[in-house]
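Below, each chain spelled out in residue letters.
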Amino acid sequence: MSINEEIDENFYKRADEYINLANEHINKTQARPALVNNSLMYASARFSAWIVAASFNNNEDMIADKENAIEFFTNKYKEMLTEHFDNYATHYDEYMGISK
């Protein structure tokens, strides 16, 4: 994969904007958070597939690299989810608004 894994100065700003958009869908449309999350994951998967396609000159090479691409994105998601899961578990009461 030739995908650049660097974090630029706008990385967290973009992530916060996506989270804010998801929260807007929950608040304005009363969509259940799980449904909004499913849409976010679908969008991310679709965009990731486009990123992979754009990195190749033909579909044969893209298809040949399918397992590498899926492994890359799956591992990256697992790494990020693990980090945030651990953070929420550590700060559960604070983040969930539970007073002691």
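Just so we're clear, the structure is a prediction, and the values are computed from it rather than from any experiment.

### Details of the overall build of the protein
- From N to C terminus, the protein includes five helices and zero strands.
- Reading the protein from its N terminus to its C terminus gives the helix and strand order α-α-α-α-α.
- For 100 residues, the compact-globule formula gives about 13 Å, and the C-alpha radius of gyration of the protein, at 17 Å, lies well above that figure.
- Each principal axis of the C-alpha distribution contributes one length, and for the protein these read about 55 × 30 × 25 Å.
- For the protein, the residues scored as buried account for 7% of the 100 residues in total.
- Nonlocal contacts in the protein, meaning residues at least 24 apart in sequence, comprise 46% of its contacts between residues at least 6 apart.
- Looking at the protein as shown, the accessible area adds up to about 8,700 Å², and 56% of this sits on carbon and sulfur atoms.
- Considering the protein, the positive charge centre built from 9 side chains and the negative charge centre built from 17 side chains are found 8 Å apart.

### With respect to a nonpolar patch on the surface
- A cluster of nonpolar side chains, namely Tyr88, Tyr92, Tyr95, Met96 and Ile98, defines an oily patch on the protein surface of about 500 Å² accessible area.
- Relative to the assigned elements, Met96 resides in the segment after α5 (92-95).

### Thoughts on unusual backbone geometry
- At Gln30, a position not held by glycine, the phi torsion is positive, near 60 degrees.
- Relative to the helices and strands, Gln30 is located in the loop between α1 (11-29) and α2 (33-54).
- Owing to a relative accessible area of 62%, Gln30 belongs among the exposed residues under this scheme.

### Structural notes on the confidence of the model for the protein
- Per-residue pLDDT for the protein averages 93, and the proportion of residues at 70 or more is 95%.
- Averaged over each element, pLDDT in the protein is lowest for α5 (95) and highest for helix α3 (residues 59-64) (98).

### A short note on the packing of aromatic side chains
- Under the criterion given, the structure shown has four aromatic pairs.
- Centroid distance Phe47 to Trp50: 5.4 Å. Interplanar angle 40 degrees. Geometry classified as tilted. With Phe47 and Trp50 both in helix α2, this residue pair falls three residues apart, about one helical turn.
- Relative to Phe73, the ring of Phe72 lies with its centre 5.0 Å away and its plane at 85 degrees, an arrangement referred to as edge-to-face.
- Phe73 sits in the partly exposed class, given a relative accessible area of 24%.

### Observations concerning α2
- Between the first and last C-alpha of α2 there are 31 Å, a value that for 22 residues agrees with the 32 Å anticipated at 1.5 Å per step.
- Listed in full, the buried residues belonging to α2 are Val36, Ser48 and Val52. Along the axis of α2, the buried positions cluster into a sector of 145 degrees, meaning they face one direction only. Exposed side of α2, more than 90 degrees from the buried face: Tyr42, Arg46, Phe47, Trp50 and Ala54 are the residues found there.
- On the buried face of α2, the contacting elements are α1, α3 and α4 (66-90).

Reading the values: the criteria
Residues numbered from 1 in each chain as written. Predicted model: local features only at pLDDT ≥ 70, side-chain atom pairs only at ≥ 80, totals over all residues. Heavy atoms only, no water. Helix = DSSP H or I, 4+ residues; strand = E, 2+ residues; numbered from the N terminus. Rg over C-alpha atoms; globule rule 2.2 N^0.38 Å. Buried < 20%, exposed > 50% of the residue type's maximum accessible area, 1.4 Å probe, protein only. Contact = heavy atoms within 4.5 Å. Areas by Shrake-Rupley, 256 points an atom, 1.4 Å probe, with all protein chains shown as cover. Lys, Arg positive; Asp, Glu negative; His and termini not counted. Charge placed at Lys NZ, Arg CZ, Asp CG, Glu CD. Patch = residues over 30% accessible without salt bridge, like charges linked within 9 Å, V, L, I, M, F, W, Y side chains within 5 Å. Salt bridge = Lys/Arg side-chain N within 4 Å of Asp/Glu carboxyl O. pLDDT = per-residue confidence, 0-100. Phe/Tyr/Trp six-rings, centres within 6.5 Å; stacked < 30°, edge-to-face > 60°. Expected span 1.5 Å × (residues − 1). Arc of directions from axis to C-beta.

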